[in-house]
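Coordinates in review
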Amino acid sequence: MKRLLYSSLLMMLLMMSCIGNGTGGKDDNDSDSVMVPAMEKPLVPIVGTVGESTTMHVLELITDDGQSAEFDYEEAIGGADVGDRVLAFTRDGMAVNVVNVTAMSHLWKIVDTDSKQHLELHSDFTATSYGMDHDYVSWTCGCPAFSDTPLLFLNYGAGSNGYPLQLLTADSLILYNEGDAIRMVCIN
């Protein structure tokens, strides 16, 4: 549904951008001209380790191949301590979102399920589920087009489920599913 809405909005904006482009004798100052903002550049995901030069608002990220880059950032979901593996979504020298992979990599118990549902997220982006509807085998985070909200994607054999990532601390993980919070607590 959201994909259809976004596609329709994009088509409408593209059609409106043709108004006042000089083809009908009008110039850009005519009252029925519509200015369409340029599309933002997509976010670029980078996985790496938090470096020693990281400060409160500058993230040093050392990639697996030893490259080092610095990005301005506001906060990291799950924190950003030196040595932690993180997934940073970057654009124009800014880490728009930073998700701490080290903090995600635990065994989580889903609250309100009689302690029968567990989800284990591993630092190599594999996953193991216990007592859940799907047998999740991997996970990742991503930011969909037109949004900077990170989603946790849990992948199973035939597909994946994406959940907005609301909170990540040392002992809590909160996701959303169609407006309902999925609360998890860390058990190891």
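For the structure itself, look to the data block above.
Attention in this report is confined to the structure presented alongside it. Note that the structure is a prediction, hence the values are computed from the model and not measured. Counting from 1, residues in each chain are numbered in the order their sequence is written. Confidence filtering applies because this is a predicted model: local features only for residues at pLDDT of at least 70, side-chain atom pairs given and counted only at 80 or more, and all residues used for totals across whole chains, interfaces and linings. Here the side-chain values reflect all heavy atoms present in the structure, with hydrogen atoms and water set aside.

Here, a salt bridge means any Lys or Arg side-chain nitrogen found within 4 Å of an Asp or Glu carboxyl oxygen. Applying the stated criterion across every chain, the model contains 1 salt bridge. Among the salt bridges present, the one from Arg85 reaches Asp64, with a minimum N-O distance of 2.8 Å. Residue Arg85 is found in strand β4 (residues 85–91), and its partner Asp64 is found in the loop between β2 (58–63) and β3 (68–72); the two are separated by 21 residues along the sequence. The exposure class assigned to Arg85 is partly exposed, which follows from its relative accessible area of 23%. For Asp64, a relative accessible area of 62% puts it in the exposed group. Only DSSP runs of H or I covering at least 4 residues are called helices, and only runs of E covering at least 2 are called strands; the numbering of each starts at the N terminus. Throughout this description, buried means an accessible area under 20% of the type-specific maximum (1.4 Å probe, protein chains only), exposed means over 50%, and partly exposed covers the range between.

Turning our eyes to something else, we now look at the pairing of strand β13 (residues 180–186). Between any two strands, at least two bridges found by DSSP are needed for them to pair. Judged from the 3 bridges that link them, strand β6 (residues 107–110) and β13 form a sheet pairing that is antiparallel. Its bridge partner being in β13, Lys109 is matched across the sheet by Val185. Note that strand β12 (residues 172–177) and β13 share 6 bridges and pair antiparallel. The residue bridging Leu175 from the neighbouring strand is Ile182, located in β13.

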